[in-house]
Amino acid sequence: MEQILINLIAGAAGGGAAGKASPNFDLGTAGNLIAGAVGGGVLGQILSLAMPAITASFASGNFSVGGVIANLVSGGAGGAILTILIGALKNRAA
């Protein structure tokens, strides 16, 4: 459960940062945070499936700094990527 929360929070932060960094992809504050949280959650879960050691460290209760950092990075990157994709699609449709 902690892993998902880390991914969602990092994703929301990544989405907010990506949206504000480029006005072309900005979805508004709420849109950036929602798209970021979804993207962070999805990419974070994909990373967990690809790297079972991270999931095992969280499941056993032995939080490793590397595992937390990996979740923060993957969540933030996923949030930024999804926000940029949605922003690009929104601008293309407009």
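Quantities reported herein were computed from a predicted structural model and do not represent experimental measurements. (Residues numbered from 1 in each chain as written. Predicted model: local features only at pLDDT ≥ 70, side-chain atom pairs only at ≥ 80, totals over all residues. Heavy atoms only, no water.)

### A short note on the packing of helix α2 (residues 29–50) against helix α4 (residues 65–93)
Axis angle and axis distance: for two packed helices, these are the angle between their axes and the distance between the axes, and together they describe the pair.
Okay, so step 1: It is the contact of α2 with α4, at a shortest axis distance of 6 Å, that shows an interaxial angle of 130°. One element, α2, and the other, α4, form an angle in the oblique class. When the axes of α2 and α4 are compared, the crossing they make is right-handed. For the pair α2 and α4, contact is made by N32, A35, G36, V38, G39, G40, L43, G44, L47 and S48 and by A70, N71, S74, G75, A77, G78, G79, L82, T83 and I86, respectively.
Okay, so step 2: Class assignment for the residues of the contact of α2 with α4 results in 8 nonpolar, 12 polar and no charged. (Axes fitted to C-alpha atoms, helices over the stretch in contact; angles between N-to-C directions. Helix = DSSP H or I, 4+ residues; strand = E, 2+ residues; numbered from the N terminus. Parallel < 35°, antiparallel > 145°, perpendicular 65-115°, else oblique. Left-handed = near helix turned anticlockwise from the far one by under 90°. Contact = heavy atoms within 4.5 Å. Nonpolar A, V, L, I, M, F, W, Y, C, P; charged D, E, K, R; others polar.)

### Some thoughts on the pattern of salt bridges
Okay, so step 1: Tallied over the full model, the rule gives 1 salt bridge.
Okay, so step 2: Between D26 and K20 there is a salt bridge, and its shortest N-O distance comes to 3.5 Å.
Okay, so step 3: For D26, a relative accessible area of 23% translates into the label partly exposed. (Salt bridge = Lys/Arg side-chain N within 4 Å of Asp/Glu carboxyl O. Buried < 20%, exposed > 50% of the residue type's maximum accessible area, 1.4 Å probe, protein only.)

### Quick look at the environment of I4
Okay, so step 1: On the secondary structure map, I4 appears in helix α1 (residues 2–21).
Okay, so step 2: Judged by its relative accessible area of 37%, I4 is partly exposed.
Okay, so step 3: C-alpha of I4 to C-alpha of G40: the two residues are 36 residues apart in sequence and 8.8 Å apart in space.

### So, the side chain of N7
Okay, so step 1: Residue placement: N7 occurs in helix α1.
Okay, so step 2: Apart from residues no more than four positions distant in its own chain, N7 is found in contact with G40, G41, G44, Q45, N71, S74 and G75.

### Points about a nonpolar patch on the surface
Okay, so step 1: On the surface, I34, V38, V42, L43, I46, I81 and L85 cluster together into a nonpolar patch covering about 620 Å² of accessible area.
Okay, so step 2: Breaking the nonpolar patch down by element, the ones donating at least two residues are α2 and α4.
Okay, so step 3: It is α2 that contributes the most residues to the nonpolar patch, 5 residues altogether.
Okay, so step 4: Tracing the chain through its elements places L85 in helix α4. (Patch = residues over 30% accessible without salt bridge, like charges linked within 9 Å, V, L, I, M, F, W, Y side chains within 5 Å. Areas by Shrake-Rupley, 256 points an atom, 1.4 Å probe, with all protein chains shown as cover.)

### With respect to the side chain of T83
Okay, so step 1: You can see T83 is positioned in helix α4.
Okay, so step 2: Residues within four places of T83 in sequence aside, it is in contact with G15, G19, F25, L27, N32, A35 and G36.

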